[in-house]
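Structural features, examined
Given next are the chains, with one letter for each unit.
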Amino acid sequence: MATPGFEWEDYVVFSIMLVISSGIGLYFGVMSRRKKTTSADEMLTGGRSLPVLPVALSLGASFTSATTILGVPAEVYTRGGEQFLWIIGIIPCFIVVCVFVVPVFHRLQLTNAYEYLELRYNKAIRYVGSLAFCIIILLYMAAVLYAPAIALSQVTGISKEVSIVIMGVVCTFYTTIGGIRAVVWTDAFQLVVIWAGLVALMFKGASDVGGWSRVWELADKGNRLPRFEMNPDPSIRHTFWTFLIGGGTNMMCVYGGYQINLQRYSSVKTVRKAQIALLLNLPIWVFYVTLLCILGLVMYAFNSCDPLTQDVISSPDQLLPLFVLETMGTMPGLPGLFVASIFSASVSTLSSGINSLAAVTLEDLIKPLFAQKKKSLPSQKLLSMATMILVVVFGMTTIGMAYVIGSLGKTAFIISFSVFGMIGGPLLGLILNGIFVPFINSLGAGTGLFVSLLGTFYYGIYPIIYPPPKIDLPPRLETCNVNSTMMYNSTTMFTTLTTEGLGQDTSLGHPYLSYLHLSSVALLLSFVVSAGMSLATGCNKGKHIDERTYYNYSWCKKPRMTDTIAMGEKSPTIAGTFHFSSNDTCGVHNEKFVKAKDKTSVSA
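Residues numbered from 1 in each chain as written. Predicted model: local features only at pLDDT ≥ 70, side-chain atom pairs only at ≥ 80, totals over all residues. Heavy atoms only, no water.

Glancing now at the pattern of salt bridges. Enumeration according to the criterion identifies six salt bridges in this entry. Between arginine 476 and glutamate 478 there is a salt bridge; the shortest N-O distance is 2.9 Å. Of the residues examined, arginine 476 reaches a relative accessible area of 8% and is grouped as buried. A salt bridge links aspartate 546 to arginine 548; its shortest N-O distance comes to 2.7 Å. Note on accessibility: aspartate 546 and arginine 548 belong to one class, buried. (Salt bridge = Lys/Arg side-chain N within 4 Å of Asp/Glu carboxyl O. Buried < 20%, exposed > 50% of the residue type's maximum accessible area, 1.4 Å probe, protein only.)

Structure below.
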């Protein structure tokens with residue numbers, strides 16, 4: 001089956017997007033130099049004075065990547081519309097992060113979010129957390145860069161090598177020149193491009209099928225509409241509980257545990273503005289997930305002869321680009337708009353990741369190195385230059401890693417969420433335990449991190465070594481030629497939705513776990529092991545813990561009658577101003593705190 005290719009109009013539209021993205025970075029780079037605000041803090045946090053709306057759009061665009069744009073519609077196409085239920089898990093995630101996590105990180109005013117781990121535990125835990133983040137984000141960015149390159153190379157003629165280099169160089173350029181301001185404003189622009197491309201594609205595809213009623217009819221006939229599967233079995237890939245618990249904790253890793261987004265909370269002036277920016281992402285994500293799921297249904301209704309079984313394409317990641325060329329190939333410029341949206345999604349994610357990696361490296365490697373040698377820090381100009389160099393280094397590293405990421409043998413969507421769960425889950429456990437469980441000490445936190453990493457790697461890597469059975473819904477083959485249809489054995493390659501699971505290796509008795517539950521397992525192991533080890537080693541008795549770093553429960557402290565509240569504070573739940581007794585019920589002994597400077601702690 002021949003597929004249409006790019007025309008000159010498409011290349012023009014695509015090129016315009018790249019020029020605008022680079023132009024935004026150049027603009028903010030020039031403006032910052034005119035205003036003489038090229039400090040490292042300006043590069044990484046925008047002087048903590050960015051507007052709420054572009055920050056909100058940037059929070060959404062940072063993980064509106066090509067992996068979800070290509071992966072979610074493909075999941076709906078091959079396995080059904082359960083991805084709609086992802087919205088159920090997103091809602092509690094945003095509430096928890098908004099109410100509890102954002103206030104902590106914004107009020108601490110940290111450039112590197114993992115400085116929190118040092119304040120709450122110790123330096124060793126901080127460095128482990130920073131290392132975990134670097135591993136997560138490098139793997140994730142490599143997948144983000146690789147996915148559209150492979151998909152688009154198959155259906156547009158753009159080679160994967162050229163795609164990888166173009167995206168990597170463009171985002172590295174404007175991130176280097178313009179810093180976080182360029183990243184935020186470019187993300188906002190690119191999010192508009194992404195939505196425009198996806199909405200245009202959705203309506204054009206539905207029109208070609210015969211209207212929305214025809215789309216729902218065919219989707220219902222093929223069991224693609226969402227079903228509320230209430231089976232609590234964690235080995236089943238997609239159920240109501242999988243998306244509520246696993247989907248929620250996965251998104252919490254993204255918004256509550258990653259430098260990329262935690263850094264953005266500090267780029268606005270107040271806690272309330274940071275919370276508003278985050279909450280604005282809730283309708284953004286609901287709209288985004290709904291749009292991608294409907295697009296998957298439209299793709300299924302459109303393809304009366306499945307291109308995967310006919311070897312027209314080799315991967316589910318290529319379904320959407322092929323669909324674009326088949327529906328929009330005769331409309332000059334529209335395929336270019338879609339390709340621009342795919343590249344925009346990848347570039348926005350890459351720029352955010354590169355900027356955050358630079359922030360972590362600057363705070364955890366360069367500045368401590370000078371402190372260790374008892375030397376004064378370099379000038380702001382030199383720190384800014386070092387930040388730019390770090391951005392270039394990480395940009396080039398990502399480009400290199402993108403060439404080898406394909407060896408994992410899974411779709412980029414599954415790779416991304418598996419990485420979030422395997423490494424992001426234990427990292428999130430460190431942060432949530434620190435905020436919600438005051439008696440957990442550094443030894444308990446470190447042990448919990450180690451054990452949770454072992455657990456998630458066990459369940460995450462096993463399916464790569466021993467792949468589970470392929471379990472998809474039957475595709476449409478009505479218009480395929482007779483010979484290929486007869487050769488296709490649907491009874492052995494596909495199962496129904498009601499029996500869908502990841503299966504079990506009967507020879508080893510090893511149960512597979514849904515990729516969404518890796519983060520759930522990480523949080524559970526992290527809490528149980530950290531709490532148990534802390535209780536066994538005396539909690540935090542005799543140790544000073546910065547009270548800005550954890551949530552203070554009213555039943556957790558025993559203030560004396562003579563205790564006073566800091567001037568201007570009205571609520572007795574604000575800790576750090578009380579003199580605690582040594583038998584504090586939360587296991588935190590804070591008598592040293594009275595000798596330190598008054599510090600306002602976070603109270604939810």
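Now that the structure has been shown, we can carry on.
In contact at an axis separation of 7 Å, helix H10 (residues 240-256) and helix H21 (residues 518-536) are set at 75° when each is read in the N-to-C sense. As summarised for this structure, H10 and H21 are arranged roughly perpendicular, according to the angle between their axes. The residues of H21 that touch H10, namely those facing Ile245, Gly246, Thr249, Asn250 and Cys253, are Ser519, Ser520 and Leu523. (Axes fitted to C-alpha atoms, helices over the stretch in contact; angles between N-to-C directions. Helix = DSSP H or I, 4+ residues; strand = E, 2+ residues; numbered from the N terminus. Parallel < 35°, antiparallel > 145°, perpendicular 65-115°, else oblique. Contact = heavy atoms within 4.5 Å.)

With that settled, the discussion passes to unusual backbone geometry. Positive phi, normally seen in glycine, also occurs at aspartate 311, with a value near 60°. Mapped onto the fold, aspartate 311 is located in the loop between helix H13 (281-302) and helix H14 (319-328). The class for aspartate 311 is exposed, based on a relative accessible area of 65%. Phi angles above zero are rare outside glycine, and cysteine 539 is one such case at about 55°. Following the sequence through the fold, cysteine 539 ends up in the segment after H21.

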